[in-house]
Amino acid sequence: MIYQRTTLHRGIALALATLSLPATAAEPTLASGENLDSVVVLGTRRNDVTALESAAPVDVINQQQLLSSGATTLGQALAALNPSFTFPQNTNGAFAQEVPTGASLRGLASDQVLVLVNGKRRHTGSTVTRQNYAARGGVPVDISLFPLDAIERVEILRDGASAQYGSDAIAGVINIVLKGSDAGGRIGYRQGEYKKGDGLSRKLSGWKGFSLPNDGFLTLSFDAGEADPANDTNPDTRLPASNPLRDWRFGVGRVADQYNLLLNSELPLNNQWTAYAFATWSHKNSDAEAAVVLPTDRRNIPSVYPNGYWPVTRYRLEDYAATGGLRYEDDALGRFDLSANYGRNEVDSTYYNTLNPSWGPTSPTRFHTGTRINSQANLSLDWAKDLAVDALYKPLTVSGGVAWRGERYQLKSGEAAASENRWYPHPGGGFYPPASSGVTPGDADTLTRSVFGGYLGLEAQITKKLQSGVALRSEHYSDFGSTTNGKFTLRYDFTPKIALRGSISSGYRAPSLVQAGFQSSGIQIVQSGSVYNAVLQRTLRADSPEAAALGGKALKPERSENLSLGLVFRPLEDASITLDAYHITVRDRITPSENLTGRDVEAALIASGINGVNSAVFFTNVLDTRTEGIELAGRYRFNLSVGALEVNAGFARTRTEVIEARGVGSLASSRIVGRGALGALEDNVPENKFILGLRYTLGGFQAVFNQRRYGEYTTRSTVASGDQTFSAQWISDLDLSYRFSQGVRVAVGAQNLFDSHPDKLPPSANSTTNPYAIAKYSTVSPEGHQGAFYYANLSYDF
């Protein structure tokens, strides 16, 4: 195997051993009278609105909550702390490491949520989600690249916001606000392992603040870590007990040499001008494990691999972004913000433990399979001004701006051995099949796009009890034309304790260049009745002549209508309850087709010049969906005679329904998007989610308990008899910590404390042909594949 231990843990130990920094005061804990409501910058251009005073639902999750959640990544933390966030955290197999888990809200896909950093648009990844759950075909932002130590807070706007922020904000917006400190710092080490004894992970993290002139700051944050593979599969009964590959994994692969570095800075130039800049850089190597190839498989040459072989793909990630800008504030002219940023995500893949059988026994067993690069540049000028209007209770906030965005997506082909056919004869007749992995020379291409737009907004506190807002945004895309969207919000406070809020908006999501331009070849396992066959599969560009031969067309943007109505209740100063309902219609939803097979498909591909391909996939706009749900959240803080207890609870229920499915060319809709793919949208997301969080603080001691319950969900097969409904699942996390006066903090804890697992998959009736019959759990299960995870943290504040 290719797994090799790195020297990272030695570096971690050395760094901890050489610490000699002076200690200062420990970070504050809950204090009596501390306000549970926070001023927000998301969803409004006003600067005097808190989360509970806003006209749309906004959640604010602070750093203390993130760090004490026990999570190692931002995605895990959001899953534990927010009921509207539901996204599989346990994706397994060959694609598990290639595509990051994204940020999903209200049961919609991860690329239907806009991610901002310090209020600026973040670039997405460069690969599409290929596994069959609700976000299949999506291109998410990799939020795992943000160390929790680097985050001041996370603001989540649960409302359509395309008119305010542009494309992708159909389900809402997540704004990651980076830490900005001019002094102090922290360094910490975390180590943990699953109860069953695998998946050992190690991480070193920290931050340091530096002062700049005029009360400016520079804050550096980092983390560095690695994780061993974890297994949740059964032995492969197709192989004899003597075969060393019988216990191959379909679990989580190794993550090696992951480094994240962030910079956040601000420099006031005078009383009116402020310069700011922030940047991120990430590097990661990870291994994704594909299905084992049997010794007798036509893809194997026994003289090379007498026991068969277990292919592993090494993904190398390089991701960086930089933003710089100037803010200007003047009582007469208003507030201006001029900014520019650039972000780039590159994923490079190399196949190990494999071969190209069409090259014969001399085939290399390792080859580079291609590179995918997605980049984005933004230039924007924003303006807001508060105008005194006698008829209004507070000044009218007028805002506007112009923005330009440039996007570029590039596919670079791999080595010849990854795809070239050299027609080596097979002893059983005919020829060995060629390797077909990643990006072939025919797939290599570059796509570009430019977007120019502008927006205008008005927000008014009309009376002491009534506030309203309106926003309008128009954008022109170089590849599919113009779009204009609007939003109207209204809020009425019946009393200081009870308010009603609502919004209506239109939205859109432009097809990402990754979806528009992604092409690849590979071996896919396709079910035909009760038999699973390995077929050569091509992912085609939607606007390519080959896709057109099957009825494919250039992609259109998704368009949405969003209705939201909510109630805010503040019975006490230290308590709040919010209830929100929503209705979201998405038209022309972008989704990949099924693996299209059959003689008519092969004939159409041959007619367009593609020979020897058994299956084809391309992106389409054939679906319209409707998503409805409710969200309930509450907080209460008990100021006890001994310590303080903060309670958070939330409940979310969501349901997506496909309201129309259209055919493509001569292919019926049921063939383009079959039962399984429709089920991924309608049934794969748990029907409800409940969370409960308890945080007790006494002096330097803190205990945090987070509980969540995922409701039932269903996976559909090609026939109804193969469907499976999974029962509700409870997950519990516990974090116990003590902070010494010298600045040292020690914490121990468990994620999934009680070792909860999702329902198991039934025994496969076709285990002799299905390589994935070894899997114990469904890939759509939200959590718990690997069971309980225990960890210990040691940190030092200075």
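Peer 1: With reference to specific residues and values, describe the overall build of the protein chain.
Peer 2: For the protein chain, the count of helices and strands is nine helices and 31 strands. In terms of C-alpha radius of gyration, the protein chain reaches 27 Å, essentially the compact-globule figure of 28 Å for 798 residues. Judged by the C-alpha coordinates and their principal axes, the protein chain covers about 85 × 60 × 50 Å. Considering only intrachain contacts with a sequence separation of at least 6, the fraction spanning at least 24 residues in the protein chain is 71%. A total accessible area of about 30,900 Å² is found for the protein chain, and carbon and sulfur atoms account for 57% of it. Side chains of the protein chain carry 75 positive and 77 negative charges; the gap between the two charge centres is 2 Å.

Peer 1: Could you give an account of a nonpolar patch on the surface, naming the residues involved and the relevant values?
Peer 2: The grouping of Tyr492, Phe494, Ile498, Leu500, Leu565, Leu567, Phe569, Ile577, Leu579, Ile630 and Leu632 at the surface amounts to a nonpolar patch, some 870 Å² of accessible area in total. Contributing elements (two or more residues each) for the nonpolar patch: strand E17 (481-495), strand E18 (498-509), strand E21 (558-569), strand E22 (575-592) and strand E23 (615-639). Here the element with the most residues in the nonpolar patch is E21; it accounts for three residues. Along the chain, isoleucine 498 turns up in strand E18. For isoleucine 498, a relative accessible area of 33% puts it in the partly exposed group.

Peer 1: Which residues make up unusual backbone geometry, and what values do they have?
Peer 2: One non-glycine residue, tryptophan 423, lies in positive phi territory at about 55°. Looking at the element boundaries, tryptophan 423 is found in the loop between strand E14 (396-413) and strand E15 (445-461). Even without a glycine there, the phi angle at aspartate 755 is positive, about 60°. Position of aspartate 755 among the secondary structure elements: in the loop between strand E30 (744-751) and strand E31 (789-797). Residue aspartate 755 is classed as partly exposed on the basis of its relative accessible area of 25%.

Peer 1: Lay out the environment of asparagine 264 with the relevant residues and their values.
Peer 2: Locating asparagine 264 in the fold gives a position in strand E9 (residues 255-268). Take asparagine 264: its relative accessible area is 7%, and that puts it in the buried class. C-alpha separation for the pair asparagine 264 and valine 398, spaced 134 residues apart in sequence, amounts to 29 Å. Filtering out sequence-adjacent residues up to four positions away, asparagine 264 remains in contact with Asn118, Leu178, Lys179, Gly180, Phe217, Leu218, Thr219, Ala277 and Phe278.

Peer 1: Any chance you could break down the pairing of strand E12 (residues 334-352) for me, citing the residues and the numbers?
Peer 2: Across the 19 residues that make up E12, a large majority, 15, are buried. Pairing of strand E11 (residues 312-330) with E12 involves 19 bridges; the strand directions are antiparallel. Bridging from a neighbouring strand, threonine 323 pairs with asparagine 341 of E12. Both E12 and strand E13 (residues 367-387) contribute to a ladder of 17 bridges, which runs antiparallel. Looking at E13, one finds that glutamate 346 is bridged to isoleucine 373.

Peer 1: Describe in detail helix H7 (residues 599-607), supporting the description with residues and values.
Peer 2: Note that an α-helix has 3.6 residues per turn; residues three or four places apart therefore point the same way. Every buried residue of H7 is listed here: Val601, Ala604 and Leu605. For H7, the arc enclosing every buried residue in end-on projection is 100°, short of the 170-degree limit, so these residues lie on one face. Turned more than 90 degrees off the buried face of H7, the exposed positions are Arg599 and Ala607. Backbone geometry just downstream of H7 places glycine 609 in the positive-phi region, at approximately 100°.

Peer 1: Pulling in residues and values, what's your account of helix H3 (residues 74-81)?
Peer 2: Counting buried positions over the eight residues of H3 gives seven, a clear majority of the element. Among all positions of H3, only Leu74, Gly75, Ala77, Leu78, Ala79, Ala80 and Leu81 are buried.

Peer 1: Can you lay out the packing of aromatic side chains for me, pointing to particular residues and giving the numbers?
Peer 2: For any pair of aromatic rings, the description rests on two quantities: the centre-to-centre distance and the angle between the ring planes. Applying the stated criterion across every chain yields a total of 16 aromatic pairs. Considering the side-chain rings of tyrosine 738 and phenylalanine 740, the 4.9 Å spacing of their centres and the 70° angle between planes classify their relative orientation as edge-to-face. The exposure class of tyrosine 738 is partly exposed, given its relative accessible area of 39%. A relative accessible area of 38% means that phenylalanine 740 is categorised as partly exposed. Feature note: the residues Trp273, Tyr328 and Phe336 constitute an aromatic cluster, connected by ring pairs. The ring centre of tyrosine 194 lies 5.1 Å from the NZ or CZ of lysine 196, which sits over that ring. Directly above the aromatic system of phenylalanine 210 lies the positively charged group of lysine 208, at a separation of 4.6 Å from the ring centroid.

Peer 1: Go over the pattern of salt bridges with me, naming the residues and quoting the values.
Peer 2: Inspection of the entire model under this criterion finds 59 salt bridges. Where arginine 509 meets aspartate 111, a salt bridge forms, and the shortest distance between an N and an O atom there is 3.4 Å. With arginine 509 in strand E18 and aspartate 111 in the loop between H3 and strand E2 (113-117), this pair connects stretches of sequence that are 398 residues apart. Comparing arginine 509 with aspartate 111 shows no difference in burial state: the two are buried. Three or more residues are tied together by salt bridges with common partners; here these are Arg316, Glu318, Arg344, Glu346 and Asp348.

Peer 1: Let's hear about the confidence of the model for the protein chain: which residues, and what values?
Peer 2: Close inspection of predicted coordinates is inappropriate for parts of the model with low pLDDT. When pLDDT is averaged across the protein chain, the result is 88; 90% of the residues are at 70 or more. Of all secondary-structure elements in the protein chain, the lowest mean pLDDT belongs to helix H1 (residues 8-17), at 39, while strand E3 (residues 120-121) reaches the highest, 97.

Peer 1: Summarise empty space enclosed by the protein; cite the residues concerned and give the values.
Peer 2: Taken as a whole and judged by the stated rule, the model has twelve cavities of 30 Å³ or more. Approximately 390 Å³ is the volume attributed to the second largest cavity. Surrounding the second largest cavity, 23 residues form its lining, Leu67, Asp149, Arg190, Ser205 and Asn793 being those nearest its centre. The set of elements that each furnish at least two residues to the lining of the second largest cavity consists of helix H2 (63-67), strand E6 (185-194), strand E7 (201-212), strand E29 (729-739) and E31. If you tally residues by element for the lining of the second largest cavity, the top one is E6, at four residues. Classifying every residue of the lining of the second largest cavity gives six nonpolar, eight polar and nine charged.

Peer 1: Please give an account of the environment of glutamate 329 that cites residues and values.
Peer 2: If you trace the backbone, glutamate 329 turns up in strand E11. Taking the C-alpha atoms as reference points, glutamate 329 and threonine 274, separated by 55 residues in sequence, lie 8.8 Å from one another. Setting aside anything within four residues of it in sequence, one finds glutamate 329 in contact with Gln272, Gly334 and Arg335.

Peer 1: Summarise the sheet that holds strand E5 (residues 172-178); cite the residues concerned and give the values.
Peer 2: The sheet built from five strands is open, its strands ordered E1-E4-E5-E2-E3 with mixed pairing. Every other strand in the sheet has two partners, leaving strand E1 (58-62) and E3 as the edge strands with one partner each. By the bridge criterion, five bridges tie E2 to E5 in an arrangement that is parallel. Among the inter-strand pairings, valine 117 is bridged to a residue of E5, identified as isoleucine 176. Where H3 meets the sheet, it contacts E1, strand E4 (151-157) and E5, and its direction lies at approximately 55° from that of E4.

Peer 1: For the nonpolar core, give the residues involved together with the corresponding values.
Peer 2: The nonpolar side chains of a soluble globular protein tend to be buried, and buried together. Leu66, Leu74, Leu78, Ile151, Val154, Ile174 and Ile176 are the most contacted members of the largest nonpolar core, which totals 38 residues. At the level of elements, H3, E2, E4, E5, strand E10 (273-289) and E22 are the ones that each hand at least two residues to this core. Here the element with the most residues in this core is H3; it accounts for six residues. Those residues in contact with leucine 74, other than ones at most four positions away along the chain, are Leu66, Ile143, Leu148, Ile151, Val154 and Ile176. Core analysis: the second largest hydrophobic core is formed by 21 residues, Leu596, Ile610, Leu667 and Val673 among them.

Peer 1: Give a description of the side chain of threonine 274 that names residues and reports values.
Peer 2: Topologically, threonine 274 is positioned in strand E10. If sequence neighbours within four positions are ignored, threonine 274 has contacts with Glu266, Leu267, Pro268, Leu269, Gly325, Leu326 and Arg327.

Thresholds, definitions, all that
By convention here, each chain's residues receive numbers from 1 onward along its written sequence. Thresholds applied to this predicted model are a pLDDT of at least 70 for local features of residues and 80 or more for the giving and counting of side-chain atom pairs; totals over whole chains, interfaces and linings are not thresholded and use all residues. For the side-chain quantities, the full set of heavy atoms in the structure was used; hydrogens and water were omitted. Only DSSP runs of H or I with at least four residues qualify as helices, and only runs of E with at least two residues qualify as strands; both kinds are numbered from the N terminus onward. Throughout, the radius of gyration refers to the C-alpha atoms, and the reference size of a globule is 2.2 Å times the residue count to the power 0.38. For this analysis, residues touch if any pair of their heavy atoms sits within 4.5 Å. For every accessible area listed, the method is Shrake-Rupley and the probe measures 1.4 Å; residues are considered covered only by the protein chains on display. Note on charges: Lys and Arg go in the positive column, Asp and Glu in the negative column, and His and the chain ends are not counted at all. To locate a charge, take NZ of a lysine, CZ of an arginine, CG of an aspartate or CD of a glutamate. Within the patch definition used here, like charges are joined within 9 Å and nonpolar side chains (Val, Leu, Ile, Met, Phe, Trp, Tyr) within 5 Å, considering only residues with over 30% relative accessible area and no salt bridge. Any Lys or Arg side-chain nitrogen located within 4 Å of an Asp or Glu carboxyl oxygen qualifies as a salt bridge. Think of it in three bands: residues with accessible area under 20% of the maximum for their type are buried, residues over 50% are exposed, and the middle band is partly exposed, with areas taken using a 1.4 Å probe on protein chains only. The rule for pairing is simple: two strands pair if DSSP sees at least two bridges between them. The directions from the helix axis to the C-beta atoms form the arc being described. Planes of paired rings set the category: under 30 degrees apart is stacked, over 60 is edge-to-face and the rest tilted, where pairs are Phe, Tyr or Trp rings (Trp by its six-membered ring) whose centres lie within 6.5 Å. Whether a charge sits over a ring comes down to the Lys NZ or Arg CZ being within 6 Å of the ring centre and within 35 degrees of the ring normal. Known as pLDDT, the predictor's confidence for each residue is given on a scale from 0 to 100. Think of a 1 Å grid over the protein atoms and nothing else: a 1.4 Å probe that fits but is trapped marks a cavity, an open set flanked by protein within 12 Å on at least five of seven lines marks a pocket, and residues with an atom within 4 Å of a point count as lining. Grid points are joined across faces, edges and corners, and a volume is the space filled by probe spheres set on the points. Classification used: nonpolar for Ala, Val, Leu, Ile, Met, Phe, Trp, Tyr, Cys and Pro, charged for Asp, Glu, Lys and Arg, polar for all others including Gly. Helix axes are fitted only over the stretch in contact, all axes being lines through C-alpha atoms; the angle between N-to-C directions runs from 0 to 180 degrees. Only buried Ala, Val, Leu, Ile, Met, Phe, Trp, Tyr and Cys residues count toward a nonpolar core, and they belong to the same one when joined by side-chain atoms within 4.5 Å.

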